[in-house]
Amino acid sequence: MKVNGEIFRDQRNRIGMSQVELSRSSGYSERVIRKAEAGGTLRLETIRDLATAMSVEGHSLPLVKPHETDLKPKKGNEEKAA
C-alpha cells in the first residue's frame with residue numbers, strides 16, 4: 001500500500017521521535033522508515049507496525065493513500081439513469 005509520507009513524517013516529528021528511534025522501536029530498518037516518509041509502498045502489516053511504534057491507531061490517521069481504483073465506483077453500484 002502507498003504510504004502518505006507527509007503525514008507519516010509529521011506524526012513522527014510531532015511525537016519527537018527520530019528515524020533511528022522509530023527504527024529501533026518498530027524493529028524495521030531506517031531504510032523502511034525513509035521509504036515510508038518518501039511515500040513509498042509498504043505492506044499493510046508494516047504500516048500498522050510502524051503506527052503502533054508511534055502509538056498511533058492505524059485507522060486514526062490517513063497514513064495510507066487510497067489507490068486510484070479504490071476511488072472509482074464498483075460495478076453495479078453506479079446510479080442508473082431514469
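Procedures and definitions
Residues numbered from 1 in each chain as written. Predicted model: local features only at pLDDT ≥ 70, side-chain atom pairs only at ≥ 80, totals over all residues. Heavy atoms only, no water. Axes fitted to C-alpha atoms, helices over the stretch in contact; angles between N-to-C directions. Helix = DSSP H or I, 4+ residues; strand = E, 2+ residues; numbered from the N terminus. Left-handed = near helix turned anticlockwise from the far one by under 90°. Contact = heavy atoms within 4.5 Å. Nonpolar A, V, L, I, M, F, W, Y, C, P; charged D, E, K, R; others polar. Buried < 20%, exposed > 50% of the residue type's maximum accessible area, 1.4 Å probe, protein only. Arc of directions from axis to C-beta.

Participant: Would you take a moment to explain the packing of helix α2 (residues 19–26) against helix α3 (residues 30–37) for this structure?
Facilitator: Here α2 crosses α3 at 115°, and the two axes come no closer than 8 Å. Note on packing geometry: the crossing formed by α2 with α3 is right-handed. Within the contact between the two elements, α2 uses Gln 19, Val 20, Leu 22, Ser 23 and Ser 26 and α3 uses Glu 30, Ile 33, Arg 34 and Glu 37. For the contact of α2 with α3, the residue count by class is three nonpolar, three polar and three charged.

Participant: For this particular structure, what's the right way to read α2?
Facilitator: Counting along an α-helix, one turn takes 3.6 residues, and residues three or four places apart therefore face a common direction. Restricting attention to buried positions, one finds in α2 the residues Leu 22, Ser 23 and Ser 26. End-on view of α2: buried residues confined to an arc of 105°, all on one side of the axis. Packed against the buried residues of α2 are α1 (5–14), α3 and α4 (44–53). Phi for Gly 27, located one or two positions after α2, is positive at around 85°.

Participant: For this particular structure, what's the right way to read α1?
Facilitator: Along α1, the positions that sit buried rather than exposed are Gly 5, Phe 8, Gln 11 and Arg 12. Down the axis of α1, the buried set is contained in an arc of 130°. They therefore lie on one face. Facing away from the buried side of α1 by over 90 degrees, the exposed positions are Glu 6 and Arg 14. Against α2, α3 and α4 lie the buried residues of α1. Gly 16 sits one or two residues past α1 and shows a positive phi near 75°.

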